[in-house]
Amino acid sequence: MSKKLFIKTWGCQMNVYDSARMADVLAPLGYRPVDEPDGADMVILNTCHIREKAAEKVFSELGRLRILKDEKAAAAGGTAADSSGDGRMILAVAGCVAQAEGEEIVARAPFVDMVFGPQTYHTLPEMVAKATRAAGSVLNTDFPAESKFDFLPEEAVSQGAAAFLAVQEGCDKFCTFCVVPYTRGAEFSRPAAQILLEAKRLAAGGTREISLLGQNVNAWHGDGPDGSTWGLGRLIRELAEIDGVERIRYTTSHPRDMDEELIRAHAEVPQLMPYLHLPVQSGSDRILAAMNRKHSADDYRRLVDRLKTVNPDLALSGDFIVGFPGESDADFAATLKLVSDVGYAQAYCFKYSPRPGTPAALEDRQVPEPVKEERLAALQQLIGAQQVAFNHGFVGRTMKVLFDRVGRRDGQLLGRSPWMQSVHAEANERLLGRIVEVRIVEARPSSLTGVVVTGEHSTTAHSQPAHSLEASA
Ligand code: 5AD
Ligand code: SF4
């Protein structure tokens, strides 16, 4: 009999990917995804620990779910603690909060049945069996010796026109603000052969765009079938050879791992999209050193110059932290200067939040909250203006759009540009899953509207924006 599975996901694309894989693992046990937790047979909270209040959010969500769990048990005539009854809702906490604070969750919320970290998803069937047999919570925050990727089932055949593919996980960089090396563990690269096989399956199922995922994706390396060691640039070249793979992206990258082969791929592999998420975090050398980023602001500027030289179409997105311990007005001014120099199509800005167990959290020169607020607003204003200018640069231009969803209005499709903008257009549904030339007629801060260009109007791979990013910065 089919059982209802509700998964709520917080955080990064890796978590979105993991949630889909958990659903794949649970499918043979009869679980089918549903859109709401009411009446579900299993609820999984896939959590994120990267910034503040992560655990509090989880506990307040658990408080609400406990009521649903009790209601379900009462409706079935049992009690929530009755582990054998059909009326039971299995409640689980997964992801990075589970990894970091598993024991506290079990202690504070004993009605939770399973608490497990990101490296254990392939053991879900065993954990479910244990949770159904025994009262009390199953806690699993191991970093098992085997790789979960060797044990997870193949992905569901059709992932849609744009799909994620995890190629790398974990991080050895130990930026002083970041929990990832502790919650996701050491850097791990999936074997090239496994990735290529999965990409072929995705393409055969209709996927046209593959986003390679990893916390430090450009640190990926693996043994090629020829016995040599491949880096991400080489992997991308091989992926581009697969029939049906028309677009490739990768995220998230560290500036220090942008090697020459990967840079060249941006010039030479037409399927590699001209859009790169390349976080720098700060524009101040002092702060970059305190963050343990191991590169200077000028190293980053030179890298961006080089990338734009090999591919003038390339646009950047980034991550910034304001109010890192010890950040002065001058340090922050250096960040604004870097943003002005580089010019971003988009960027995420965060107030520094001390994370338990990370070195920066122990710093005594924490920046006061109002200063963080002020800096965040100033940075967001600058980046917002760059984003608007970037998008306006496309009005009147033609670009290739991959239509991957139906729009809210009748007869409208939604797609993605090479630069990750959402593009709305009136279009026939038979264009879903296809890459089509669209002329942009209107730009909004975070989306574009266009009309489908029919016939022989098609142009080269990606047409240029009306003005370059440098000009808009
Ligand atoms: N405080 C604020 N932002 C953080 N990030 C990671 N850790 C912290 C923290 N402690 C941001 C970084 C990273 C992004 C995923 O989250 O900018 O690139
Ligand atoms: Fe965190 Fe730094 Fe690793 Fe990125 S590179 S995951 S910010 S430790």
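Refer to the structure presented above.
Report follows, based on the coordinates.

With that settled, the discussion passes to the packing of helix H7 (residues 232–240) against helix H8 (residues 260–268). Two elements in contact, H7 and H8, have axes separated by 7 Å at closest approach and are oriented at 30 degrees. Contacts between H7 and H8 involve Leu232, Gly233, Arg234, Ile236 and Arg237 from the first element and Glu261, Leu262, Arg264, Ala265 and Glu268 from the second. Taken together, the residues of the contact of H7 with H8 sort by class into four nonpolar, one polar and five charged.

Spatially, three strands are ordered S14-S15-S16 in an open sheet, and the strand pairing comes out parallel. The open sheet has two edge strands, strand S14 (275–277) and strand S16 (346–351), and neither has a second partner. Across the sheet, the mean angle from the axis of one strand to that of its neighbour is 15 degrees, orientation sign disregarded. In this structure, S14 lies alongside strand S15 (residues 315–322), joined through three bridges in parallel fashion. Pairing of tyrosine 275 across the sheet is with alanine 315, part of S15. Against the sheet, helix H12 (residues 369–392) engages S15 and S16, with an angle of about 175 degrees to S16.

With respect to spatial proximity, the complete set of residues near ligand 2 consists of Cys171, Lys173, Phe174, Cys175, Phe177, Cys178, Val180, Pro181, His254 and Arg293. When its residues are assigned to classes, the shell around ligand 2 shows seven nonpolar, one polar and two charged.

As a further point, take the packing of aromatic side chains. Going through the model one piece at a time under the given rule, you end up with seven aromatic pairs. Seen in terms of ring centroids, phenylalanine 177 and phenylalanine 324 are 6.5 Å apart; in terms of plane orientation they differ by 85 degrees. Their pairing is edge-to-face. Pair noted here: phenylalanine 177 is in the loop between strand S8 (168–169) and helix H5 (180–183) and phenylalanine 324 is in the loop between S15 and helix H11 (329–342), with a separation of 147 residues, a long-range link. Here phenylalanine 177 falls in the buried class, since its relative accessible area comes to 12%. Judged by its relative accessible area of 2%, phenylalanine 324 falls in the buried class. Ring geometry for phenylalanine 320 versus tyrosine 344: centroids 5.4 Å apart, planes at 90 degrees, classification edge-to-face. Residue phenylalanine 320 is located in strand S15, and its partner tyrosine 344 is located in the loop between H11 and S16; the two are separated by 24 residues in the primary sequence.

On to the site of ligand 1, then. Taken together, Ile50, Arg51, Phe177, Gln281, Asp319, Ile321, Phe350, Lys351, Tyr352, Ser353 and Arg355 are the residues near ligand 1. The contact in question runs from an oxygen atom of ligand 1 to an N or O atom on the side chain of glutamine 281, over 2.7 Å. Residue aspartate 319 places a side-chain N or O atom 2.6 Å away from an oxygen atom belonging to ligand 1. Contact with the protein chains hides 87% of the accessible area of ligand 1, taken as 400 Å² for the molecule alone. At the level of secondary structure, the elements contributing two or more residues to the shell around ligand 1 comprise S15 and S16. When the residues that make up the shell around ligand 1 are grouped by side-chain class, the tally is five nonpolar, two polar and four charged.

Thresholds, definitions, all that
Residues numbered from 1 in each chain as written. Chains lettered and ligands numbered in written order. Predicted model: local features only at pLDDT ≥ 70, side-chain atom pairs only at ≥ 80, totals over all residues. Heavy atoms only, no water. Axes fitted to C-alpha atoms, helices over the stretch in contact; angles between N-to-C directions. Helix = DSSP H or I, 4+ residues; strand = E, 2+ residues; numbered from the N terminus. Contact = heavy atoms within 4.5 Å. Nonpolar A, V, L, I, M, F, W, Y, C, P; charged D, E, K, R; others polar. Pairing = 2+ DSSP bridges. Near = heavy atom within 4 Å. Phe/Tyr/Trp six-rings, centres within 6.5 Å; stacked < 30°, edge-to-face > 60°. Buried < 20%, exposed > 50% of the residue type's maximum accessible area, 1.4 Å probe, protein only. Polar contact = N/O pair within 3.5 Å; in protein donor to acceptor, adjacent residues only side chain to side chain. Areas by Shrake-Rupley, 256 points an atom, 1.4 Å probe, with all protein chains shown as cover.

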